[in-house]
Amino acid sequence: EVQLVESGGGLVQPGGSLRLSCAASGFTFGNYWMHWVRQAPGQGFEWISRISSGGGTTTYLDSVKGRFTISRDNAKNTVYLQMNSLKPEDTAMYYCAADPRAAFFSRTPSEYAYWGQGTQVTVSS
C-alpha cells in the first residue's frame, strides 16, 4: 500500500519557522520527484516546490524562494520542507506528492502519481 504521511505542521508566529516532513512507503521513493503543494483556506491549490529523484535539482514558487528549502533523504524515504520567515499568507494545508515525471508539476494533487493527506500550517500572532 502506497502511503505519504505529512507531519510537522502547527501554529507559528509570523517570522517563525517550521519543518515539514513527508514519510513515503509502498513505492520506490528514489525513482520519484517529490513535490509540495498547498491550499489556503477558501483558495485553490498552489504548487510550491519540487526536488528531483536524486535530490540534485530543486525548483520553487517565486513567493517562497529564499524562505523555503526542500530536501530529501532517500535512505529514510522522506522529503522535507524547511519553512523560514513564515508569513500569514503561508497559512494553508500542505501536501506532499510524488511523481516519476521529470518535467512535470501541477497545482492539483490528484494529478500526481501519489499524494498525502496533508498537514496544517497556521501562521498567526
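Below you will find a few notes about this structure. It should be emphasised that the depicted structure is a prediction, and the values quoted were computed from it without experimental measurement.

What follows concerns the sheet that holds strand 7 (residues 68-73). In spatial order, the strands read 1-3-8-7; together these 4 strands make up an open sheet with antiparallel pairing. Each edge of the sheet is formed by a strand with only one pairing partner; in this case those strands are strand 1 (3-7) and strand 7. Going from strand to strand, the sheet's axes swing by 15° on average, the running direction of each strand aside. In the sheet, strand 3 (residues 18-25) pairs with strand 8 (residues 78-83) via 6 bridges, with the strands oriented antiparallel.

Under the definition given, this model contains 8 aromatic pairs. Ring centres of Phe27 and Tyr114 lie 4.8 Å apart, and the angle between their planes is 35°; on these two criteria the pair is classed as tilted. With Phe27 in the loop between strand 3 and strand 4 (33-39) and Tyr114 in strand 10 (residues 114-115), the pair connects residues that are 87 residues apart, well separated along the chain. On the accessibility criterion, Tyr114 (25% relative accessible area) is partly exposed. Seen in terms of ring centroids, Trp47 and Phe105 are 4.8 Å apart; in terms of plane orientation they differ by 40°. Their pairing is tilted. Highlighted residues: Trp47 in strand 5 (residues 45-51) and Phe105 in the loop between strand 9 (92-99) and strand 10, separated in sequence by 58 residues. Using a relative accessible area of 9% as the deciding quantity, one classes Trp47 as buried. Members of the aromatic cluster, connected to one another through ring pairs, are Phe27, Phe29, Tyr32 and Tyr114. A cation over an aromatic ring shows up here: Arg72 above the ring of Phe29, its NZ or CZ 4.3 Å from the ring centre.

What counts and how
- Residues numbered from 1 in each chain as written.
- Predicted model: local features only at pLDDT ≥ 70, side-chain atom pairs only at ≥ 80, totals over all residues.
- Heavy atoms only, no water.
- Pairing = 2+ DSSP bridges.
- Helix = DSSP H or I, 4+ residues; strand = E, 2+ residues; numbered from the N terminus.
- Axes fitted to C-alpha atoms, helices over the stretch in contact; angles between N-to-C directions.
- Phe/Tyr/Trp six-rings, centres within 6.5 Å; stacked < 30°, edge-to-face > 60°.
- Buried < 20%, exposed > 50% of the residue type's maximum accessible area, 1.4 Å probe, protein only.
- Lys NZ or Arg CZ within 6 Å of the ring centre and 35° of its normal.

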